Every structure is written in structure tokens, then in C-alpha cells.
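What follows is the residue order along each chain.
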Amino acid sequence: MTLHIELKLYANEAVVLRNYLIGRLKNVVAVKGMAADDDFILSEWLNGYFGAKSVGIERKTRPQNVKMPVSVARTLWRNMQHEALVPELQLILSSIDSYLVKNDLRPL
């Protein structure tokens, strides 16, 4: 079983996703221990991997591969179902959704 998915992100998509994750990180900082577990999961992935990776993607003209743990993908999918999203985030969500459906990993 694959424990990560691989997305191809363009620079503008990486920036939008990073900004979304930074918003979640700000929530964790603001409410500290009262933040939702989902916000902690997303913030840890941002700080541990995606923050630096997204800066590298910004400097490229071609799409770059990003490894996303399934736990992060499922968390993003669940959170983004209840929010109004910009088109770039919709594209990312549809890529995540197709992978999760194909591998029968979509959350209930």
C-alpha cells in the first residue's frame, strides 16, 4: 500500500496551497492547544516538508512532483469539502480526490 501520493504542482498552485496551509498554521498559533488535530497535521507537513519544497517550485517553470502523505491528503480533502476554494485549490483537490477514490482511501 502506498503511504503517499505524488502530485504535480505548478508554481501558482504551490503558492496557493502554501498560503492555505499557512492559514491553518496561524490558527494553530492563535488558539494553541485548542486547535483541531487536522490543523496540527497540516501545519507539521507545511513546516517539515512543503514549505521549503513550495519555494523551490516557485522558481521553476515546469510542474514539480510533491510527495504528500495519505494522512495529509485525506485531511485536506475533508477540510476542503466545507470551504469555498479558489480554482487552483479546486484543481489540487480534484487530483487528491481522484487518487483517493482510485485507491479506495477516501474518508467517509
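Since this is a predicted model, take the numbers as computed values, not measurements.

Engineer: Looking at this structure, I do not really get the environment of E88. What am I missing?
Structural biologist: One can find E88 in helix 4 (residues 87-102). Residue class for E88 comes out partly exposed when judged on its relative accessible area of 25%. In this structure the C-alpha to C-alpha distance between E88 and A14, which are 74 residues apart in sequence, comes to 8.9 Å.

Engineer: For this particular structure, what's the right way to read the nonpolar core?
Structural biologist: Soluble, globular proteins show a tendency: their nonpolar side chains are buried together. By size, the foremost hydrophobic cluster in this structure holds 29 residues, and its most contacted members are L17, L21, F50, M68, L76 and I96. Excluding residues that lie within four positions of it along the chain, L21 makes contacts with L42, W45, L46, F50 and L76.

Engineer: What am I meant to see in the packing of aromatic side chains here?
Structural biologist: By convention here, two paired aromatic rings are described through the distance between centres and the angle between planes. Applying the stated criterion across every chain, the model contains two aromatic pairs. Arranged with centres 4.8 Å apart and planes meeting at 15°, the rings of W45 and F50 form a pair that is stacked. F50 gets classed as buried once you look at its relative accessible area, which sits at 0%. An aromatic cluster is present here, built from W45, Y49 and F50 joined pairwise through their rings.

Engineer: Looking at this structure, I do not really get the packing of helix 1 (residues 11-31) against helix 3 (residues 70-80). What am I missing?
Structural biologist: For any two helices packed against each other, the geometry is given by the interaxial angle and the distance between the axes. Where helix 1 contacts helix 3, the two axes come as close as 13 Å, and the packing angle between them is 80°. Relative to helix 3, the element helix 1 lies roughly perpendicular. Facing helix 1, whose interface residues are L17, Y20, L21 and R24, helix 3 presents L76, N79 and M80. Here the contact of helix 1 with helix 3 is built from residues that sort into five nonpolar, one polar and one charged.

Engineer: Where do I start with helix 4 in this structure?
Structural biologist: Between its first and last C-alpha atoms helix 4 spans 22 Å; for 16 residues at 1.5 Å apiece the expected length is 22 Å, and the two agree. What helix 4 keeps buried is the set L89, I92, L93, I96, Y99 and L100. Seen along its axis, helix 4 keeps its buried residues to an arc of 125°; they face one direction. Residues P87 and K102 are exposed on helix 4 and point more than 90 degrees away from its buried face. At its buried positions, helix 4 is contacted by strand 1 (4-9), helix 1, strand 2 (64-69) and helix 3. Positive backbone phi, at 55°, marks D104, one or two positions downstream of helix 4.

Rules behind the numbers
Within each chain, residues carry numbers counting from 1 in the order of the written sequence. Reporting of local features is limited, given that this is a predicted model, to residues whose pLDDT is at least 70; pairs of side-chain atoms are given and counted only at 80 or more, and all residues count toward the totals for whole chains, interfaces and linings. Heavy atoms from the whole structure form the basis of all side-chain values; hydrogens and water molecules are not counted. Each helix is a run of DSSP H or I of at least 4 residues and each strand a run of E of at least 2, with the numbering of both proceeding from the N terminus. Buried residues are those whose accessible area, probed at 1.4 Å on protein chains only, stays under 20% of the maximum for their type, while exposed residues exceed 50% and partly exposed ones sit between those limits. Joining through side-chain atoms within 4.5 Å is the link that ties buried Ala, Val, Leu, Ile, Met, Phe, Trp, Tyr and Cys residues into a set, and such a set is a nonpolar core. Contacts are assigned to residue pairs that have any heavy atoms within 4.5 Å of one another. When two rings of Phe, Tyr or Trp (its six-membered ring) have centres within 6.5 Å they constitute a pair, described as stacked for plane angles under 30 degrees, edge-to-face for angles over 60, and tilted for the intermediate range. Axes here mean lines fitted to C-alpha atoms, for a helix over just the part in contact, with angles spanning 0 to 180 degrees between N-to-C directions. Note on angle classes: values under 35 degrees are labelled roughly parallel, values over 145 roughly antiparallel, values of 65 to 115 roughly perpendicular, and the remainder oblique. Side-chain classes are defined by residue name, with Ala, Val, Leu, Ile, Met, Phe, Trp, Tyr, Cys and Pro counting as nonpolar, Asp, Glu, Lys and Arg as charged, and the others, Gly among them, as polar. To estimate the expected span of a helix, subtract one from its residue number and multiply by 1.5 Å. This arc is built from the directions going out from the helix axis to the C-beta atoms.

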